[in-house]
Amino acid sequence: MKTSSSSASKRILVTGGAGYIGSHVVKQLGEAGHALTVLDNLSTGRREAVLSGELVVGNVGDAAMLDTVLGQGKFDAVMHFAGSIVVPESVIDPIKYYANNTGNTLQLLGACVRHGVERFIFSSTAAVYGMADQAMVSEDDPLAPINPYGASKLMSERMIADVAAAHPLKYVILRYFNVAGAEAEGRLGQSGAGATHLIRVACQTALGMRPEMTIFGDDYATPDGTCIRDYIHVEDLARAHLEALSYLQRGGDSAVLNFGYGRGYSVREVIAAVKQASGVDFAVRTGKRRAGDPAQLIAANARIKAAFGWQLRGTSLDEITHSALAWEKRLLETA
Ligand SMILES: NC(=O)c1ccc[n+]([C@@H]2O[C@H](COP(=O)([O-])OP(=O)(O)OC[C@H]3O[C@@H](n4cnc5c(N)ncnc54)[C@H](O)[C@@H]3O)[C@@H](O)[C@H]2O)c1
C-alpha cells in the first residue's frame, strides 16, 4: 500500500475505485499522498486503472469482508463510487439496481458505523431530479426520479442522511451532471461495453466503430430542438472529491451538492464538437424522443462553489471532446 510522509495524509477506502470516475479520484488522491484501499469487484472496473493504493477485489455488500478491510485500522474517510449505472438496464432489471446501489450502500454504511468512520463521500446523480422543468436545477428542487437507477441513488442519499443523523458521521453527497472526458495522460477513461453516453457514442461513430448515431428527438423546446445537458470533465469531478474531503476535514457540515458547470450544450452542439475534434463528418440520423429525457438539465452550482470556496471555471466542451476522442482511439488501438 502506498504511504506518504505528508502530515495531511489520510487513510481512505474507495469503493468502485477501478471504475471510470473512481479511478480518476484514486489517481488524484494518490498524488496528494493519501493512503488508499480500493475495494472493487471488477464487474465493470479494470485492475490496471487503479494507479494508487492497494486493490482488494470483493463485493461492497459483503459485510464480513468490509469488517476485515475497515478493521485494519482507523479510516479517515470512505468514498463510495461502486454501483451499477446503466439507466435502461435499471428499467429491465430493477432488482439488480436496488441490490447493488441501495442494498450494498446499506451494508457499507453499517460497516462504517461499526468501525467509527466519520466521513462519507457519495456519488449521486442528477437523475434524482427526474423530469426537471426549471432552467437550472438546484439542490432544493423536487426529487422525483423516473427510473430505478435514479430511485436507487436517491434511496441511498436518504439512508446516508438518516445514518448521519444518528451517528457521528458527516457526509458530502455529490450529484453529478453529465460526466465525460478522460485523463490527460491517456491512461484512464470510460471503458465499459455498450456505451450509451452521448459523447462516447459520438466519438465511437467518428472512429468508425458505429455506422451512424441517432439524435433522440429534435422537437424539444430548446434553440435547436435537441436536449441540453451540463457536461463536466471527469478530472474536474475527481478534484471535487478531494475538495469534499478537505471540506469535511475542516469541519464542514454534511452537504448535498450539485456538481455541474452551470452551462449547457445541445446534442447537436456536442456532435458538432466531436466532428470538429475528429475531422470526420460522420452520419447522424434523427429518431424519436426517448422516454424520460427532460429538455434541459443544467446544474445550479452556487452551493458547491460556496462550500468549497471554488471558482469552478469549467473545462471547455472542446477539451472534453478531444480528451474523450483520444481515449476512445487508444481503446480501439489496444483492443
Ligand atoms: N458516469 C456517469 O456519468 C455518472 C453520473 C452520475 C453518477 N454516477 C455515479 O458515479 C459512480 C461511478 O460511476 P462510473 O461511471 O465510474 O461507473 P463504473 O461502472 O465505471 O464504475 C463503477 C465501479 O464499481 C465497481 N462495482 C460495481 N458494483 C460493485 C460491488 N457490488 N462491489 C464492488 N465494486 C463494485 C465496478 O467494478 C466499477 O469499477 C456510480 O455510483 C454512479 O452511479 C456516474
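In this numbering scheme, every chain counts its residues from 1 along its sequence in written order. Restriction of local features to residues with pLDDT of at least 70 applies here, the model being predicted, together with a cutoff of 80 or more for giving and counting side-chain atom pairs; totals for whole chains, interfaces and linings are based on all residues. The side-chain figures draw on all heavy atoms in the structure; neither hydrogens nor water molecules are used.

### Some details on the nonpolar core
To form a nonpolar core, buried Ala, Val, Leu, Ile, Met, Phe, Trp, Tyr and Cys residues must be joined to one another through side-chain atoms within 4.5 Å. Classification of residues uses two cut-offs on accessible area relative to the type maximum, computed with a 1.4 Å probe and protein chains only: under 20% is buried, over 50% is exposed, and between them is partly exposed. Counting residues in hydrophobic clusters, the biggest one holds 62 residues, and the most contacted among them are Ile 21, Leu 29, Ile 199 and Phe 259. Helical segments are the DSSP runs of H or I of at least four residues, strand segments are the runs of E of at least two, and each set is numbered from the N terminus. The element best represented in this core is helix α7 (residues 234-249), accounting for nine residues. Lining this core are residues from two domains, each supplying at least three of them: domain 1 (11-180 + 231-259) and domain 2 (198-229 + 262-334). Core analysis: the second largest hydrophobic core is formed by 26 residues, Val 56, Phe 75, Val 78 and Met 159 among them. In this entry, domain limits derive from an automatic or database-based domain assignment.

### Structural notes on the side chain of Asp 230
Note that Asp 230 resides in the loop between β9 (228-229) and β10 (231-233). At 5.5 Å, Arg 263 is the nearest oppositely charged side chain to Asp 230, a buried residue that forms no salt bridge. Distance and chemistry together define a polar contact, namely a pair of N or O atoms within 3.5 Å, with one atom able to donate a hydrogen and the other to accept it when in protein, and with adjacent residues in sequence counting only for side-chain atoms on both sides. Side-chain polar atoms of Asp 230 contact the backbone nitrogen of Tyr 261, separated by 2.9 Å. The residues contacting Asp 230, other than those within four sequence positions of it, are Phe 177, Asn 178, Gly 260, Tyr 261, Gly 262, Arg 263, Gly 264, Leu 297, Ile 298 and Ala 299. Positive charges come from Lys and Arg, negative ones from Asp and Glu, while His and the chain ends are left out of the count. Note on definitions: salt bridges are taken to be side-chain nitrogens of Lys or Arg within 4 Å of carboxyl oxygens of Asp or Glu. Note on definitions: a residue-residue contact is assigned when non-hydrogen atoms from the two residues lie within 4.5 Å.

### Side note on the site of the ligand
By nearness alone, 28 residues border the ligand, and Asp 40, Thr 44, Asn 100, Tyr 149 and Lys 153 come closest of all. Taking Gly 19, its main chain carries an N or O atom lying 3.0 Å from an oxygen atom of the ligand. Between the ligand and the protein, one listed contact pairs a nitrogen atom with a side-chain N or O atom of Asn 59 at 2.9 Å. Contact with the protein chains covers 95% of the free accessible surface of the ligand, which is 820 Å². Breaking the shell around the ligand down by element, the ones donating at least two residues are α1 (20-31), α4 (94-114), β5 (119-125) and α5 (148-166). The leading source of residues in the shell around the ligand is β5, at three residues. Each residue belonging to the shell around the ligand can be placed in one class, and the counts come to 11 nonpolar, 15 polar and two charged. If a single non-hydrogen atom of a residue is within 4 Å of a molecule or strand, that residue counts as near it. Shrake-Rupley sampling with a 1.4 Å probe provides the accessible areas, and residues are treated as covered by the protein chains on show and by no other component. Throughout this entry, Asp, Glu, Lys and Arg are counted as charged residues, while Ala, Val, Leu, Ile, Met, Phe, Trp, Tyr, Cys and Pro are counted as nonpolar. The remaining residues, Gly among them, count as polar.

### Some thoughts on the domain arrangement of the chain
According to the domain assignment, the chain contains domain 1 (11-180 + 231-259) and domain 2 (198-229 + 262-334). Counting residues at the interface gives 30 residues for domain 1 and 26 residues for domain 2. Both sides together, the interface formed by domain 1 and domain 2 hides about 2,500 Å², and carbon and sulfur atoms give 65% of it. Reported buried area values correspond to the accessible surface (1.4 Å probe) lost by two parts on association, with both partners' losses combined. Of all residues in domain 1, Met 136, Tyr 231 and His 233 bury the most surface against domain 2, accounting for 28% of the area lost on that side. Linking domain 1 with domain 2 are two salt bridges, by the criterion used here.

### Observations regarding the sheet that holds strand β14 (residues 296-297)
Only strands that DSSP links by at least two bridges are regarded as paired with each other. Read across the sheet, three strands follow the order β12-β9-β14 without closing on themselves; strand pairing throughout is mixed. At either end of the open sheet lies a strand with only one pairing partner, and these are β12 (265-266) and β14.

### Brief notes about the environment of Met 213
Along the chain, Met 213 falls in strand β8 (residues 213-216). Along the backbone, Met 213 and Phe 259 are 46 residues apart, and their C-alpha atoms lie at a distance of 28 Å. With near-sequence residues (within four places) excluded, Met 213 lies in contact with Leu 198, Val 201, Ala 202, Thr 205, Ile 271, Phe 282, Ala 283, Val 284 and Arg 285.

### Examining unusual backbone geometry
Residues other than glycine seldom take positive phi values, yet Leu 42 does so here, at roughly 60 degrees. Following the sequence through the fold, Leu 42 ends up in the loop between β2 (35-40) and β3 (54-57). The class for Leu 42 is partly exposed, based on a relative accessible area of 23%. The backbone of Leu 312 shows a phi angle near 50 degrees, a positive value even though the residue is not glycine. Mapped onto the elements of the fold, Leu 312 is located in the loop between α9 (302-308) and α10 (317-334). Judged by its relative accessible area of 11%, Leu 312 is buried.

### Description of the pairing of β5
Moving residue by residue along a regular strand, the side chains alternate between the two faces of the sheet. Counting buried residues along β5, seven of its seven residues qualify, which places the element largely inside the surrounding structure. Side chains of β5 alternate between two faces, with Arg 119, Ile 121, Ser 123 and Thr 125 and Phe 120, Phe 122 and Ser 124 buried alike. Two elements, β5 and strand β6 (residues 170-176), share seven bridges in a ladder whose sense is parallel. Within β6, the position partnered with Ser 123 by the bridge is Leu 174. Between the parallel pair β5 and β6, the chain is carried across by α5, and the sense of this crossover is right-handed. With strands facing away from the observer, any crossover in which the path from the first strand over the helix to the second runs clockwise is taken as right-handed.

### Some thoughts on the state of the cysteines
Each disulfide is one covalent bond, formed between the sulfur atoms of two cysteines. Count a disulfide wherever a pair of cysteine sulfur atoms falls within 2.5 Å. This model, assessed by the stated rule, comprises zero disulfides. Of all cysteine sulfurs, the one in Cys 203 lies closest to Cys 227, which takes part in no disulfide; the gap is 19 Å. According to the relative accessible area criterion, Cys 227 is buried, its value standing at 6%.

### Quick word on the sheet that holds β5
Spatially, the seven strands line up as an open sheet ordered β3-β2-β1-β4-β5-β6-β11, and their pairing is parallel. If you trace the sheet from one side to the other, it starts and ends with β3 and β11 (255-259), each paired once. Sheet twist, expressed as the average angle between the axes of neighbouring strands with direction ignored, equals 20 degrees. Bridge count between β2 and β3: four bridges; the pairing is parallel. With axes taken as lines fitted to C-alpha atoms, and helix axes fitted only over the stretch in contact, angles between N-to-C directions fall between 0 and 180 degrees.

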